[in-house]
Structures are given as C-alpha cells and as structure tokens.
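The primary structure of each chain is shown beneath.
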Amino acid sequence: MFEISAVLLFAVASVFAVKTKSAGAGAATVLFLFGFFTAGTGAYEPITNLVKSTATAVSDLAN
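Every value quoted in this text rests on a predicted model; they were computed, and no experiment measured them.

K.L.:
Break down the side chain of S14 for me, with residues and values.
P.N.:
Mapped onto the elements, S14 comes out in helix 1 (residues 6-19). The buried category is assigned to S14, whose relative accessible area is 6%. Setting aside anything within four residues of it in sequence, one finds S14 in contact with V30, L31 and F34.

K.L.:
If you had to explain the packing of aromatic side chains to someone new, which residues and values would you point to?
P.N.:
Going through the model one piece at a time under the given rule, you end up with 1 aromatic pair. On the numbers, 6.1 Å between centres and 20° between planes, the contact of F32 with F36 is stacked. Residue F32 and its partner F36 are located together in helix 2 (residues 25-39), separated by 4 residues, close to a single helical turn. Exposure remark for F36: the relative accessible area of 4% places this residue in the buried category.

K.L.:
I'd like a description of the nonpolar core, backed by residues and values.
P.N.:
With 6 residues, the main nonpolar core is built from F10, V30, L33, F36, F37 and I47. Here the element with the most residues in this core is helix 2; it accounts for 4 residues.

K.L.:
Which residues make up the environment of V18, and what are the values?
P.N.:
Here V18 lies in helix 1. Remark: the alpha-carbon pair of V18 and L31, spanning 13 residues in sequence, is separated by 9.1 Å.

K.L.:
Quick one: what's the story with the packing of helix 1 against helix 2, residue by residue and with numbers?
P.N.:
At a minimum axis distance of 9 Å, the contact between helix 1 and helix 2 shows a crossing angle of 140°. Overall, the two elements helix 1 and helix 2 adopt an arrangement that is oblique. At the point where helix 1 passes helix 2, the crossing takes the left-handed sense. Listed contacts from helix 2 to A6, V7, F10, A11, A13, S14, A17 and V18 of helix 1 are A27, V30, L31, L33, F34, F37 and T38. A per-class count over the contact of helix 1 with helix 2 returns 13 nonpolar, 2 polar and no charged.

Criteria and cut-off values
Residues numbered from 1 in each chain as written. Predicted model: local features only at pLDDT ≥ 70, side-chain atom pairs only at ≥ 80, totals over all residues. Heavy atoms only, no water. Helix = DSSP H or I, 4+ residues; strand = E, 2+ residues; numbered from the N terminus. Buried < 20%, exposed > 50% of the residue type's maximum accessible area, 1.4 Å probe, protein only. Contact = heavy atoms within 4.5 Å. Phe/Tyr/Trp six-rings, centres within 6.5 Å; stacked < 30°, edge-to-face > 60°. Core = buried A, V, L, I, M, F, W, Y, C linked by side-chain atoms within 4.5 Å. Axes fitted to C-alpha atoms, helices over the stretch in contact; angles between N-to-C directions. Parallel < 35°, antiparallel > 145°, perpendicular 65-115°, else oblique. Left-handed = near helix turned anticlockwise from the far one by under 90°. Nonpolar A, V, L, I, M, F, W, Y, C, P; charged D, E, K, R; others polar.

Any functional reading would require information beyond the geometric quantities listed.
As structure tokens, then:
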C-alpha cells in the first residue's frame, strides 16, 4: 500500500496552484488545507476527519 503525507500532497498542489496562477475555489481549498496541515491548529481533528472520510469515499468510488 502506498501512503503519502497530507502536508506533502498539499504542498505540491499549492506549488502547482501558485505556478499556474489559479484563483478558483479549488486552489483556495488546496492552499487552505496546506496551511492548516502545516500549522496543526485546534481545528485539526475535525478537518482531518473530514479529509480522511473524503479520501476514503473517493477511494471507494475507484473500487
């Protein structure tokens, strides 16, 4: 099984969003999540659970 760090994933996506000068909702979400996972704020657990459940749902759709 292949696992990747959320910080690394969002860092790469953030660099891509900045380089392509994206200004949409998707780019804003990626930048928010990168900052959030980097900072590890008090809202870490609920947002982490949301991201995990979203990732699981997307993974289940692929199966």
